[in-house]
Amino acid sequence: MGSLQPEIEKHLEGIRLLSSSDFAGFAILDHQEYIIRWKYVSGNRNERYKRIRLRPGKGIAGQVIKHGRPVIFDSQYDKRLIDLREYPILLAESLEAVAAVPVTLKHAVTGVLMIGSRILRDFDKQTIELLESIAEQLGSMIQNYNSNDREIFQSLRKPKSNKTNRKLGG
């Protein structure tokens, strides 16, 4: 098994095209820093996504990770009710509608797979099911990653607890 990066990028491009979306992204929770970052994207207009750093519970990716369930902002959601500054990926990529689902690794949410559109639209049940299916595939790929990809996904592995961590309450 080679590097996972091309495989992840292929999945993102595929889901973007299959769902008729403008953007697809994969965000990862770094367990050491407890920060969520957008690591891989397809259809991006700029590189601003690379500067986005979120805590669980913040932003779209943070809400998905914190609650472990999909977040959907589409034409059924009144955008005037939210502060867009709290959703930096919407601003960075000029997205009007998004659907995001959790990516799990050993029954823990460690990432987020998201698609987005630059025009207001609805995401049907089949599109969400497709997104969830690809998220499941990504979780399986990460779980079985090769040592060549260790630097990419090292942050996904939860640090092993030791006596020091237990004494400190970690």
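Residues numbered from 1 in each chain as written. Predicted model: local features only at pLDDT ≥ 70, side-chain atom pairs only at ≥ 80, totals over all residues. Heavy atoms only, no water.

### So, the packing of aromatic side chains
In plain terms, the rule: Ring pairs are drawn from Phe, Tyr and Trp, using the six-membered ring of Trp, whenever the two centres fall within 6.5 Å, and their geometry is named by plane angle: stacked under 30 degrees, edge-to-face over 60, tilted for the rest. For the purposes of this entry, the term helix denotes a DSSP run of H or I that reaches at least four residues, the term strand denotes a run of E that reaches at least two, and both are numbered from the N terminus.
All chains considered together, the criterion is met by 2 aromatic pairs. Between F73 and Y87, the ring centres sit 5.2 Å apart and the planes meet at 80 degrees, which makes this aromatic pair edge-to-face. Here F73, found in strand β4 (residues 71-73), pairs with Y87, found in the loop between β4 and α3 (88-93); they are 14 residues apart in sequence, far enough to count as distant.

### Let's talk about the nonpolar core
Definition in use: For our purposes a nonpolar core is just a set of buried Ala, Val, Leu, Ile, Met, Phe, Trp, Tyr and Cys residues, chained together by side-chain atoms within 4.5 Å. Only protein chains enter the accessibility calculation, which uses a 1.4 Å probe; a residue is then buried when its area is under 20% of its type maximum, exposed when over 50%, and partly exposed in between. Contacts are assigned to residue pairs that have any heavy atoms within 4.5 Å of one another.
Membership of the largest hydrophobic core comes to 26 residues, with the highest contact counts inside it found for W38, I60, F73, I89, L90, V112 and M114. Breaking this core down by element, the ones donating at least two residues are β1 (23-30), β2 (35-42), α2 (59-67), β4, α3, β5 (97-105) and β6 (108-117). When residues of this core are assigned to their parent elements, the largest contribution, 4 residues, is made by α2. Leaving out residues up to four positions away in the same chain, W38 has contacts with G25, F26, A27, Y49, I52, A61, I89, V112 and M114. One finds I15, V103, I128 and I142 within the second-largest nonpolar core, a separate group that totals 24 residues.

### Describing the sheet that holds β1
Convention followed: Only when DSSP finds a minimum of two bridges between them are two strands counted as paired. Here an angle of 0 to 180 degrees is reported between the N-to-C directions of two axes, which are lines fitted to C-alpha atoms, with helices fitted over the stretch in contact.
Taken together, 6 strands build an open sheet; the order of strands is β3-β2-β1-β6-β5-β4 and the sheet is antiparallel. Looking at the sheet topology across the chains shown, the edges are occupied by β3 (53-54) and β4. For β5 and β6, the ladder comprises 9 bridges, and the chain directions are antiparallel. The partner of V101 across the bridge, within β6, is L113. Each of β1, β2 and β6 is contacted by helix α1 (residues 5-18), which is oriented at about 70 degrees to β2, the strand it contacts most. The strands that helix α4 (residues 125-143) touches are β1, β4, β5 and β6; relative to β5, the one it contacts most, it runs at about 35 degrees.

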